[in-house]
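Chain and residue survey
So you can see what is in the structure, the chains are spelled out below.
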Amino acid sequence: MLVARYRRLDLAEDGLADAFEAAARAWPSDGTPANGPAWLLTAARRRIVDRLRTESVLARRMPLLEVEASLTQEAAHVMADGGELVADERLRLVLLCAHPSLSPEAAAALTLRLVLGVSTDDIARLFLQSTATMAARLTRARKRLAGASFEVPADPDALQARVAVVADVAYLAFTAGYAPGSGPDVVRTELAGEAVRLVRVLRDILPSPEPEVDALLALMLLQHSRRDARVSDGAIVLLADQDRTRWHRDEIAEALGLLEPLVHAPPAPYLLQALIASEHAIAPSAEATAWDRIVARYDELLTVHDTPVVRLNRAVAVAESRGAEAGLSALASVALAGHRLPATRAELLVRAGRDAEARASFSAAIALCANEAERTHLVERLAAISPAS
């Protein structure tokens, strides 16, 4: 509400922080007011008005926000805005955090901070940054948003485009949780869980249903449902080796329920990825997975979302369906930086009995891998290959 009224994130955060400080001093002696939220809102508004007056005196030549003449009188009323406005203002804040002027990483961090209330310390830990570095990044993101439009686009196409940015930000945060690029963590389920919560918030506050948002939530639930089976004694457990009794079946059921009305919808990236994930979820075992259907879904996905990662995952599915050599042929067209491409190639070379090439590929992957848990796994896989005679 404060951001919506004053159009400045710094004023809203500072004013509310001052209000909480004032409450901590006043309420123990004066008693808790009948309407605590209204008390805080009024106190925050008063402090923001004082701040704007001070800024006006100190920097008359700087462009300032125009404050309505009635603002001071309104601040005196101990009365909160109607609750029916909360959903709309929360949507505005979500869309503001996903502003195109921000990088995806900055948008993800700012969204976690302002929309989900995750502390700066926790965001820094989740993104493997120092608290000071993350605080500076959040400050720069806020400054970049100065003067940005705090409105829900009236044009449905424009709104859909902004919602797509929010969805991409959420999936970026989710992916960072399950594919840490560096550091000691095998997975960072806290970050993935916050990303799931963000999509739930987005889905709840949208004025009308968005099939791709439903599909994204289904995709994330299906992947998140396997969190307890992904790690054993600090080591990575690959999908084929996971104990499926440890998967969260309630989340799988929710995801499948979201996908059921979308099965015949036009192909879209998150929908197709969710349908692929559902094939793993419904398979009673790794051996019983319908890899031919998964390959067909990847072929569809390439028509709407052709990326190196999609091609890499398709090659793995092709190998499972048609054999290692077929997978290696599919992998030949993939160009992807980092360790995952040589690691995948190494695994397929082992299956094809081409151990010398596999050793070279594992060595290349190890040299490129910055995540300690994944690097340990790759070293163990290299050691398991019979030495050259």
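Up top is the structure.
First things first, this report covers the structure right here in the doc. Quick caveat: nothing in here was measured; it's all calculated off a predicted structure. (Residues numbered from 1 in each chain as written. Predicted model: local features only at pLDDT ≥ 70, side-chain atom pairs only at ≥ 80, totals over all residues. Heavy atoms only, no water.)

Digging into the packing of helix H15 (residues 308-322) against helix H16 (residues 324-331)
- Running from N to C, H15 and H16 point in directions that differ by 160°, and their axes come no closer than 7 Å. Of the possible angle classes, the one that applies to H15 and H16 is roughly antiparallel. The element H15 and its partner H16 pack so that their crossing is right-handed. Every residue of H16 that contacts H15 at Leu-312, Arg-314, Ala-315, Val-318, Ala-319 and Arg-322 is listed here: Ala-324, Ala-326, Gly-327, Ala-330 and Leu-331. (Axes fitted to C-alpha atoms, helices over the stretch in contact; angles between N-to-C directions. Helix = DSSP H or I, 4+ residues; strand = E, 2+ residues; numbered from the N terminus. Parallel < 35°, antiparallel > 145°, perpendicular 65-115°, else oblique. Left-handed = near helix turned anticlockwise from the far one by under 90°. Contact = heavy atoms within 4.5 Å.)

Examining the packing of aromatic side chains
- For the structure on display, the rule yields 3 aromatic pairs.
- When the centroid spacing of 6.0 Å and the interplanar angle of 15° are considered together, the rings of Tyr-171 and Phe-174 count as stacked. Of this pair, Tyr-171 and Phe-174 both sit in helix H9 (residues 156-178), separated by 3 residues, roughly a single helical turn. In this pair, the class of Tyr-171 matches that of Phe-174, namely buried.
- Ring geometry for Tyr-171 and Tyr-270: centres 5.6 Å apart, planes at 75°, overall edge-to-face. With Tyr-171 in helix H9 and Tyr-270 in helix H13 (residues 269-282), this pair connects stretches of sequence that are 99 residues apart. (Phe/Tyr/Trp six-rings, centres within 6.5 Å; stacked < 30°, edge-to-face > 60°. Buried < 20%, exposed > 50% of the residue type's maximum accessible area, 1.4 Å probe, protein only.)

Regarding the nonpolar core
- Counting 96 residues, the largest nonpolar core has Leu-110, Val-115, Phe-174, Leu-216 and Met-220 as its most contacted members.
- If one sorts the elements of this core by residue count, H9 sits on top with 11 residues.
- Apart from the residues lying within four places of it in its own chain, the contact partners of Leu-216 are Ala-167, Tyr-171, Val-199 and Tyr-270. (Core = buried A, V, L, I, M, F, W, Y, C linked by side-chain atoms within 4.5 Å.)

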